[in-house]
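Results of the structural survey
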Amino acid sequence: MEIKAIRGFNDLLPDEIGKWHFVEETARQIFEEFGFSELRIPVIEKTELFSRGIGEATDIVEKEMYTFTDRSGNSLTLRPEATASMARAYLEHQMYSFDPVAKVYFIGPMFRYERPQKGRYRQFYQIDAEVFGVSNPMVDAEVIVMLIQFLKKVGLENLELQINSLGCRECRPRYREELKKYFATKTFQLCEDCQRRLQTNPLRIFDCKVETCKDAIADAPQVTDFLCQDCQKHFDKVKGYLQEMGLTYLLNPRMVRGLDYYTRTAFEVVSYNLGSQNAVAGGGRYDNLFQEIGGLDIPGIGFAIGMERLISLLPAEKTFLQNPQLFIAALGEETQMQAYRLLSQLHLQGIRAELDYEGKSLKSQMRRANKLNAQHVLILGGDELKRGKAVLRDMASKSQEEIPMGGLLDILKERINRD
Ligand SMILES: [Zn+2]
Ligand SMILES: [Zn+2]
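Since the model is a prediction, treat every value here as computed from it, not as a measurement. Within any chain, residue numbers begin from 1 and follow the written order of that chain's sequence. Naming scheme: in the order in which they are written, chains are lettered from A and ligands are numbered from 1. Note on the predicted model: pLDDT of at least 70 is required for a residue's local features to be given, and 80 or more for side-chain atom pairs to be given and counted; whole-chain, interface and lining totals, by contrast, use all residues. Just so you know, side-chain values use all the structure's heavy atoms and leave hydrogens and water out.

1. A few points about the coordination of the zinc ion (ligand 1)
Between any two of four tetrahedral donors, the ideal angle at the metal is 109.5 degrees; between two of six octahedral donors, it is 90 or 180 degrees. Which entries qualify depends on this criterion: The rule for donors is simple: an N, O or S atom within 2.8 Å of the metal counts, and for Na, K and Ca the reach is 3.2 Å. Water is not among the atoms, so a site may look short of donors. Here the metal geometry follows the donor angles, with tetrahedral for four donors whose angles all fall between 85 and 135 degrees, square planar for four and octahedral for six when opposite donors are more than 155 degrees apart and every other angle is between 65 and 115, and irregular for all the rest. In this scheme, a residue with accessible area under 20% of its type's maximum is buried, one over 50% is exposed, and one in between is partly exposed, where area comes from a 1.4 Å probe on protein chains only.
Coordination of the zinc ion (ligand 1) by the protein involves Cys168 (SG), Cys171 (SG), Cys228 (SG) and Cys231 (SG), with metal-donor separations of 2.2 to 2.3 Å. Geometry at the zinc ion (ligand 1) is tetrahedral, judged from the 4 donor atoms that bind it and their angles of 100 to 115° at the metal. Between consecutive donor residues of the zinc ion (ligand 1), the sequence gaps follow C-x2-C-x56-C-x2-C. Each member of the pair cysteine 228 and cysteine 231 is classed as buried.

2. Here's the deal with helix 5 (residues 137-153)
What counts here: Think of it this way: any DSSP run of H or I at least four residues long counts as a helix, any run of E at least two long counts as a strand, and we number them from the N terminus. A helix's residues, less one, multiplied by 1.5 Å, set its expected span. Polar contact criterion, stated in full: a pair of N or O atoms within 3.5 Å, where within protein one must be able to donate a hydrogen and the other to accept it, and residues adjacent in sequence count only if both atoms are side-chain atoms.
Taking 1.5 Å of rise per residue, 17 residues should cover 24 Å, and helix 5 covers 25 Å from first to last C-alpha, within 8% of that figure. Here helix 5 lies mainly inside the structure; 12 of its 17 residues are buried. Of the positions making up helix 5, those classed as buried are Pro137, Val139, Asp140, Ala141, Val143, Ile144, Val145, Met146, Leu147, Ile148, Phe150 and Leu151. Sitting at the amino-terminal end of helix 5 is asparagine 136, which places a side-chain oxygen 2.8 Å from the backbone nitrogen of methionine 138. Positive phi shows up at glycine 155, right after helix 5, with a value of about 105°.

3. So, the coordination of the zinc ion (ligand 2)
In the first shell of the zinc ion (ligand 2), the protein supplies Cys191 (SG), Cys194 (SG), Cys208 (SG) and Cys213 (SG), at 2.2 to 2.3 Å from the metal. Here the zinc ion (ligand 2) binds 4 donor atoms, and the angle range of 107 to 115° at the metal identifies the geometry as tetrahedral. Positions of the donor residues of the zinc ion (ligand 2) along the chain correspond to the pattern C-x2-C-x13-C-x4-C. The class for cysteine 194 is buried, based on a relative accessible area of 0%.

4. Observations regarding the environment of glutamine 189
The cut-off we apply is this: Residue contacts are counted whenever heavy atoms from the two residues lie within 4.5 Å of one another.
Inspection of the secondary structure puts glutamine 189 in the loop between helix 6 (172-184) and helix 7 (192-200). Considered as a pair, glutamine 189 and leucine 380 are 191 residues apart in the sequence and their alpha carbons are 76 Å apart. Dropping the residues within four chain positions of it, glutamine 189 is found in contact with Thr212, Cys213, Asp215 and Ala216.

5. Examining a positive patch on the surface
Basically, it comes down to this: Residues enter a patch when their relative accessible area is above 30% and they make no salt bridge; the linking distance is 9 Å between like charges and 5 Å between nonpolar side chains (Val, Leu, Ile, Met, Phe, Trp, Tyr). The Shrake-Rupley method, run with a 1.4 Å probe sphere, supplies the accessible areas, and residue values consider only the shown protein chains as cover. Salt bridge, as used here, is a side-chain nitrogen of Lys or Arg placed within 4 Å of a carboxyl oxygen of Asp or Glu. Charge counting follows a simple rule: Lys and Arg are positive, Asp and Glu are negative, and His as well as the terminal groups are ignored. Charge coordinates come from a single atom per side chain, which is NZ of Lys, CZ of Arg, CG of Asp or CD of Glu.
A grouping of Lys360, Lys363, Arg367 and Lys371 is seen on the molecular surface, where their side chains present a positively charged patch. Among the secondary structure elements, lysine 363 is positioned in helix 13 (residues 362-371). Taking relative accessible area as the criterion, lysine 363 reaches 64% and is therefore assigned exposed.

6. Side note on the nonpolar core
Test applied: To qualify as a nonpolar core, a set must consist of buried Ala, Val, Leu, Ile, Met, Phe, Trp, Tyr and Cys residues joined through side-chain atoms within 4.5 Å.
In this structure, Val23, Phe31 and Phe150 are the most contacted members of the largest nonpolar core, which totals 50 residues. With 10 residues, the single largest contributor to this core is helix 5. Beyond its immediate chain neighbours, meaning those up to four positions away, valine 23 contacts Ile127, Phe150, Val154, Met307, Leu310, Ile311 and Leu314. By size, the runner-up hydrophobic cluster in this structure holds 49 residues, among which are Ile60, Leu166, Cys213 and Leu289.

7. Comments concerning the sheet that holds strand 13 (residues 353-355)
Let me state the cut-off plainly: For two strands to count as paired, DSSP must find a minimum of two bridges between them. Here an angle of 0 to 180 degrees is reported between the N-to-C directions of two axes, which are lines fitted to C-alpha atoms, with helices fitted over the stretch in contact.
Ordered in space as 13-12-14-15-16, the 5 strands form an open sheet in which the pairing is mixed. A strand with exactly one partner marks an edge of an open sheet, and here the two such strands are strand 13 and strand 16 (400-404). Sheet twist, expressed as the average angle between the axes of neighbouring strands with direction ignored, equals 25°. The pairing of strand 15 (residues 389-394) with strand 16 spans 5 bridges and is antiparallel. Its bridge partner being in strand 16, lysine 389 is matched across the sheet by proline 404.

8. So, the pairing of strand 7 (residues 159-165)
With 5 of 7 residues buried, strand 7 lies mostly within the body of the structure. Two elements, strand 7 and strand 9 (residues 263-271), share 7 bridges in a ladder whose sense is antiparallel. Among the inter-strand pairings, glutamate 160 is bridged to a residue of strand 9, identified as valine 270.

9. Considering the pairing of strand 4 (residues 75-78)
Taken together, the 3 bridges between strand 2 (residues 44-46) and strand 4 define a ladder with antiparallel strand orientation. Across the sheet, residue lysine 46 finds its bridge partner in strand 4, namely leucine 76. For strand 3 (residues 67-69) and strand 4, the ladder comprises 3 bridges, and the chain directions are antiparallel. Each residue of the ladder has a partner; that of threonine 67, found in strand 4, is threonine 77. Linkage of strand 3 to strand 4, two consecutive antiparallel strands, is achieved through a turn of 5 residues, within which glycine 73 is found at a positive phi near 85°.

10. Some details on the pattern of salt bridges
Scanning all chains against the criterion turns up 24 salt bridges. Aspartate 59 is the salt-bridge partner of arginine 204, the closest N and O atoms lying 3.4 Å from each other. Taken together, the positions of arginine 204 in the loop between helix 7 and helix 8 (211-218) and aspartate 59 in helix 3 (residues 59-64) put the pair 145 residues apart, joining distant regions of the chain. Each member of the pair, arginine 204 as well as aspartate 59, is classed as buried. Salt bridges sharing partners connect three or more residues here, namely Asp59, Glu62, Lys63, Asp193, Arg196, Arg197, Arg204 and Asp207.

11. A word on the side chain of glutamine 126
Within the secondary structure, glutamine 126 sits in strand 6 (residues 123-132). Apart from the residues within four sequence positions on either side, glutamine 126 is in contact with Glu81, Ala82, Phe106, Ile107, Gly108, Met110, Arg112, Ala304, Ile305 and Met307.

Laid out in structure tokens, this is it:
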């Protein structure tokens, strides 16, 4: 039996990896320009970090975590998201003792036991950015501006920023009660999951996709009507800073985000590319998370970008294939050593060069050079080589020139870098 990959776990093949590199490199570049540094977290954590950090009554913790017992009997979980681990690392290494403000990012795979479907995997990739230690609404705007800047830089268009405020420990409980009262009058409309959510976490009902639930949600009270004075002031300032940066946004009082730890600012970026509506990134403030995981009272805000979704929305005209800059077509046994020497020298000079290992005919080598989309082909052999010359063919213009074997490397470098 041939062994295959596990369902929901995906290989990223060389012909698509160029897009991933482009997105990752752009994220690193933009984030570092905004003063962020990478914080690399482990793949596995103690289960309680997520159950306490993300919240027991969330889909992630209830049914989507990859949790197992290791050989010493510890309950461990593959990280389903990055924020809780990043916060743990900040506390564990007392990063606040150097400077209370930490701006950190991470790019890597997350794991959730969800139903695999097109574009959704059990191992999926996220780009994550967090700011710890600042409650000032200025920083809320700062991370949103950075997110939009990044999404534009990778080429996404038709983006819509949606924002909301989810209140705080003071005002959210009042809203929760009001919501409970409201949905209690609609229980006959709620699906089984939502009836349970009504008891454990009524805000989660907003995430339900069942039609009758959506109808019930339509008339539900809005969180922004219940904000305390401080939360209202904070939200107004966030909006003011966004306006200052010329960002337009849509107020979406139905956006409550799936995780328990969010407080105050919540945001999503929706793309209307390809004629459909897709959330590409989301985030928010989580001023209670640190205390939930047993730490100090430290505010935080951040976002996560789903990479699979983002990559599916990249402009199609962009090509990311790492095609060879030069293909060496060597003819005859006696040119093999020359071809090998040249190939090695080109590699050491940082030029993507490729050759034919099979000793095939010129025609078949040219076919392969074409298939690999090589920019140039260098033909070694025939009468030209006897005259101390090689033939360089520019594959785009289809023009050819003879170049002398002496000083070949310098001429090749000059020709390749000219394009
Ligand atoms: Zn409040
Ligand atoms: Zn429902």
